[in-house]
Amino acid sequence: MKNIVLFISILLVLFSSVDLAKAAVFESNQSSYSLDKPILDDLFVGSQTVSIDSPVEGELFASGRIVDIRSRIARSIFAAGDTVSINDGAGYNIFAAGNTITIKGTVEHDIYIAGSTITIDPSAHIKGNLRIAGSKANLGGKIDGSVYFAGDEMTSNAAINGDLKAQVNQLTFTGGSIAQDLKYKSNKDAIGLDKINITGVTIREPQETNRKSRIFQSWLFGFLTTFVSGAALILLMPKKIKEVVEQIRANWGKSFLYGVAVMIITPILSMLLFASIVAWPIALIILLLYGIVLYESFIIAQIALGDFILSRVRNDRKNWWLALAVGTITTSLVMSLPILRPIGGMLLYFGIMIPLSGAIIIWAREKFI
């Protein structure tokens, strides 16, 4: 395992030092970060509070408790935080995860959101599709594509030029229009159908109510597979798990940036190597090792989540077996529920797995390089 992690670390350090350093800006600050001058390349930033007040000509990757993007981003936005505000759209896609998310301005392509409370402002113009997994969503503005929603409540006053497809507890319309079809799964009729102009058909299908057996089977399978894998890691490398978890706890922002770098560099490097007749076997090895790192990050994420819950409930830390049990039970329960699965999956991936994959690289670099 040491050789595997070392090999990945060397590849990433060498590749990032040659290419990525010339095409991106990395910033990390414990308390706050404010961008007050234009960035001509990609920007990676992690801090408690992130404020973007100047244009970014490339992609923006931002993480923090508060992420406030007030200036135009020429390419895509990847944002994660408790509160995420995007005030001037994006030149390509938006990927956002958080508790409270607000989108304003023109977005040239698609939006993917997972969060608790999502607001698409009346000033927004989305030129692609909108995909939301969340508890509550309030849609306004103009959406050129279709809308896909999974969650508890959705209220819409938007002008939707495509379909609206939803799996929702309560759907409410206060105005707006749907140029094509309205198809939703709910045990309640939508409110305000007389206030919205729907050109196509309106179809409501009831949600399944008796799913206890299927949910239990899904939960049990997820719990057992994750717990067995986690137990193997605890037996083989308990000290390494502790060091990685401590790394992400001490500097989540830095770990997130490293994780994003791994996510970006690996496919690019693999494609470059696949293009070579001689080097394509190395690309296969890199992809395999990348899959191992991601899977290990997923397993360790259960342990880290359980450790966090125990520290809040009973101040019981360092008990990795109990942390594994609590973490796997919590995650498998969330992932077995259709409404919570998209939210839990994105929050687990962006909030824990990506930082953990970065923490593994940081730990390996400090240990071996």
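Residues numbered from 1 in each chain as written. Predicted model: local features only at pLDDT ≥ 70, side-chain atom pairs only at ≥ 80, totals over all residues. Heavy atoms only, no water.

Q: Hey, could you go over the overall build of the protein chain for me, with residue numbers and the actual values?
A: Helices and strands together make up the secondary structure of the protein chain, namely seven helices and 19 strands. Out of the 369 residues belonging to the protein chain, those deemed buried represent 48%. Considering only intrachain contacts with a sequence separation of at least 6, the fraction spanning at least 24 residues in the protein chain is 26%. By element, 59% of the accessible surface of the protein chain is carried by carbon and sulfur atoms, the whole surface being about 16900 Å². (Helix = DSSP H or I, 4+ residues; strand = E, 2+ residues; numbered from the N terminus. Buried < 20%, exposed > 50% of the residue type's maximum accessible area, 1.4 Å probe, protein only. Contact = heavy atoms within 4.5 Å. Areas by Shrake-Rupley, 256 points an atom, 1.4 Å probe, with all protein chains shown as cover.)

Q: Hey, could you go over the nonpolar core for me, with residue numbers and the actual values?
A: Ranked by internal contacts, the top residues of the largest apolar core, which has 50 residues, are Ile52, Ile94, Ile103, Ile113, Ile120, Leu130 and Leu139. No other element matches strand β15 (residues 164-173), which puts five residues into this core. Grouped together as the second largest cluster of nonpolar side chains are 18 residues, Ala323, Leu324, Ala359 and Ile360 included. (Core = buried A, V, L, I, M, F, W, Y, C linked by side-chain atoms within 4.5 Å.)

Q: Outline the pattern of salt bridges, listing residues and values.
A: With the rule as written, the count across this model stands at six salt bridges. Where Glu59 meets Arg75, a salt bridge forms, and the shortest distance between an N and an O atom there is 3.6 Å. Of this pair, Glu59 sits in the loop between β4 (49-52) and β5 (60-69) while Arg75 sits in the loop between β5 and β6 (77-86), and the two are 16 residues apart along the sequence. Given the relative accessible area of 36%, Arg75 is considered partly exposed. Across the pair Lys127 and Glu108 runs a salt bridge, and its minimum N-O distance is 3.2 Å. One end of the pair, Lys127, is in the loop between β10 (125-126) and β11 (130-139); the other, Glu108, is in the loop between β8 (106-107) and β9 (111-120), and 19 residues separate them in sequence. Via salt bridges that share partners, Asp53, Asp68 and Arg70 belong to a single interconnected network. (Salt bridge = Lys/Arg side-chain N within 4 Å of Asp/Glu carboxyl O.)

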